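Below are the chains, spelled out letter by letter.
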Amino acid sequence: MRKLLIIGIGAGDPDQMTVQAIKALNRADVVFLPDKGEEKAALRHLREAICARFIEKPCRMVTVGTPERAPAGTDYRGVVDDWHGRIAANYDRLFRDELAEGQYGALLVWGDPALYDSTLRIVERVRAGGLALEWEVIPGISSVQALAARHRIALNRIGEPVMITTGRKLAAGFPAGQDSVVVMLDGEQTFARIAPDDLDIYWGAYLGTPDEILMAGPLADLAGEIAAVRAEARRKHGWIMDIYLLRRQAARSG
Ligand SMILES: C[S@@+](CC[C@H](N)C(=O)[O-])C[C@H]1O[C@@H](n2cnc3c(N)ncnc32)[C@H](O)[C@@H]1O
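Quantities reported herein were computed from a predicted structural model and do not represent experimental measurements. Residue indices follow the written sequence of each chain, beginning from 1 at its first position. Where totals are concerned, whole chains, interfaces and linings use all residues; where local detail is concerned, this predicted model gives features only for residues with pLDDT of at least 70, and gives and counts side-chain atom pairs only at 80 or more. Remark: hydrogens and water are excluded; side-chain values derive from all non-hydrogen atoms of the structure.

**A closer look at the pattern of salt bridges**
The salt bridge definition used is simple: a Lys or Arg side-chain nitrogen within 4 Å of an Asp or Glu carboxyl oxygen. Under the counting rule described, the total for this entry stands at 14 salt bridges. One salt bridge in this structure joins Glu 136 and Arg 27, with 2.8 Å as the shortest N-O distance. Of the two residues, Glu 136 is situated in strand 5 (residues 133–138) and Arg 27 in the loop between helix 1 (19–25) and strand 2 (30–35); the sequence distance between them amounts to 109 residues. A relative accessible area of 34% means that Glu 136 is categorised as partly exposed. Linking Arg 150 and Glu 212 is a salt bridge whose minimum nitrogen-to-oxygen distance equals 2.7 Å. Pair noted here: Arg 150 is in helix 5 (residues 143–151) and Glu 212 is in the loop between strand 8 (199–205) and strand 9 (213–218), with a separation of 62 residues, a long-range link. By definition, any uninterrupted DSSP run of H or I lasting at least four residues is a helix, any uninterrupted run of E lasting at least two residues is a strand, and each is numbered from the N terminus. Relative accessibility decides the category of a residue: with a 1.4 Å probe and only protein chains considered, values under 20% of the type maximum give buried, values over 50% give exposed, and everything between is partly exposed.

In structure tokens:
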């Protein structure tokens, strides 16, 4: 049977590679490297740097083209489902062509594979399509953990929950009944469009990379400034990845 190692590689700093991830990488006969086009070239370079630094035995690298996703429109789930179907078809072909029976293939996943990443769902889909695969998941340091560590904060207050959500969901307003909310995948600077009332923001961009930017304080004071810094960084680098924690100021219990 073909075997897959789905390896979390950390969220930007190669030093976040765990010993388990390095060992898994060195078990791979083939490493599949997604190529998401020019905008994400910086991310591809990080994956390549990780392979160059940590792989200690001969191993084949295979670049995987990623199909374009149609604009989301109103049917977000339908569009994503169709996109995943096309990626799964790509992977199916690739695993059959590039991975011999009994060999290990590695998929390097940004951050942790369990958090806002489609690799596990796509592998399930390839298996459902009839290709026999064994697979292992190696956890990684996620951007959520990197954000908390760089701001030197605990994510939750004592005994309180933490919600992790997307910019798309935050657009409806700060979630009712929540105290601490981490927002990912926000290409629209949604933090600047919600009522800032009693919220603090802990914002981080390019975490773990030499271009890292951190800002924290009351949302009412900082929203405009972060939006301007973000826009300028995006213009300068051609891409941006950012994440933030929003926390109610009133519930200062822990
Ligand atoms: C497709 S998700 C992947 C998340 C990843 N699996 C993880 O565990 O962090 C991409 C989002 O993660 C966040 N992200 C990932 N790496 C980041 C970094 N180095 N700095 C800031 N945000 C990051 C951003 O919110 C970005 O939009």
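**So, the domain arrangement of the protein chain**
Where each domain starts and ends follows an automatic or database-derived domain assignment. Split by domain assignment, the protein chain resolves into domain 1 (2–138) and domain 2 (143–248). Relative placement of domain 1 and domain 2: their C-alpha centres are 27 Å apart. Residue contacts are defined here by distance: any two heavy atoms, one from each residue, within 4.5 Å place the two residues in contact. Taken residue by residue, the interface counts twelve residues in domain 1 and 16 residues in domain 2. Roughly 1100 Å² is buried in total at the junction of domain 1 and domain 2, and carbon and sulfur atoms are behind 68% of that figure. At the surface where domain 1 touches domain 2, the tally comes to zero salt bridges. Put simply, buried area is how much 1.4 Å-probe accessible surface two parts lose in total, over both of them, once they are put together.

**Considering the sheet that holds strand 3 (residues 60–65)**
Only when DSSP finds a minimum of two bridges between them are two strands counted as paired. Read across the sheet, five strands follow the order 3-2-4-1-5 without closing on themselves; strand pairing throughout is parallel. The sheet is open, and its two edges are formed by strand 3 and strand 5, each paired on a single side. Sheet twist, expressed as the mean angle between neighbouring strand axes with direction ignored, is 25 degrees. By the bridge criterion, six bridges tie strand 2 to strand 3 in an arrangement that is parallel. Bridge pairing in strand 3 places Val 30 opposite Arg 60. Lines fitted to C-alpha atoms define the axes, with helix axes restricted to the stretch in contact, and inter-axis angles between N-to-C directions lie between 0 and 180 degrees. Strands in contact with helix 2 (residues 41–54) are strand 2, strand 3 and strand 4 (104–109); relative to strand 2, the strand with the most contacts, it is inclined by about 165 degrees. Across the sheet, helix 3 (residues 76–98) touches strand 1 (2–8), strand 2, strand 3, strand 4 and strand 5, and the angle it forms with strand 3 is around 155 degrees.

**Quick look at the packing of helix 3 against helix 4 (residues 119–128)**
For the pair helix 3 and helix 4, the least separation of the axes is 9 Å and the interaxial angle reads 65 degrees. For the crossing formed where helix 3 meets helix 4, the hand is right-handed. Seen from helix 3, the contacting residues are Asp 81, His 84, Gly 85, Ile 87, Ala 88, Tyr 91, Asp 92 and Phe 95; seen from helix 4, they are Arg 121, Ile 122, Arg 125 and Val 126. Broken down by class, the residue content of the contact of helix 3 with helix 4 amounts to six nonpolar, two polar and four charged. Left-handed describes a crossing in which the near helix is turned anticlockwise from the far one by less than a right angle; the clockwise case is right-handed. Under this grouping Gly is polar, as are all residues other than the nonpolar Ala, Val, Leu, Ile, Met, Phe, Trp, Tyr, Cys and Pro and the charged Asp, Glu, Lys and Arg.

**Side note on a positive patch on the surface**
In this scheme, patches are assembled from residues that exceed 30% relative accessible area and form no salt bridge. Like charges are connected within 9 Å, while nonpolar side chains (Val, Leu, Ile, Met, Phe, Trp, Tyr) are connected within 5 Å. Under the convention used here, a 1.4 Å probe and the Shrake-Rupley method define accessible areas, while residue burial counts only the protein chains that appear. The sign given to each residue is positive for Lys and Arg and negative for Asp and Glu; His and the chain ends receive no count. Note on charges: their place is set at NZ of Lys, CZ of Arg, CG of Asp or CD of Glu. Side chains of Arg 69, Arg 77, Arg 168 and Lys 169 sit close together on the surface and give a patch of like positive charge. The exposure class assigned to Arg 69 is partly exposed, which follows from its relative accessible area of 34%.

**A look at the pairing of strand 4**
Counting buried positions along strand 4 gives five out of six residues, so the element sits mostly inside the fold. Pairing analysis gives six bridges linking strand 1 to strand 4, with the strands arranged parallel. Its bridge partner being in strand 4, Gly 8 is matched across the sheet by Val 109. Examined bridge by bridge, strand 2 and strand 4 share three bridges and lie parallel to one another. Bridging across to strand 4, Val 30 finds its partner in Gly 105.

**Quick word on the site of the ligand**
Here a residue is considered near a molecule or strand provided that any single heavy atom belonging to it is located within 4 Å of it. Contacts to the ligand come from 16 residues, most closely from Ala 11, Asp 112, Leu 115, Ser 143 and Asp 242. In protein, a polar contact requires one atom able to donate a hydrogen and another able to accept it; more generally it is a pair of N or O atoms within 3.5 Å, and residues adjacent in sequence count only if both atoms are side-chain atoms. Note that a nitrogen atom of the ligand is positioned 2.8 Å from one of the side-chain N or O atoms of Trp 110. Between an oxygen atom of the ligand and a side-chain N or O atom of Ser 143, the distance comes to 2.7 Å. Burial of the ligand by the protein chains amounts to 90% of its free accessible area of 570 Å². In terms of residue class, the shell around the ligand is built from ten nonpolar, four polar and two charged. Residue assignment places the shell around the ligand across two domains, with domain 1 (2–138) and domain 2 (143–248) each supplying three or more.

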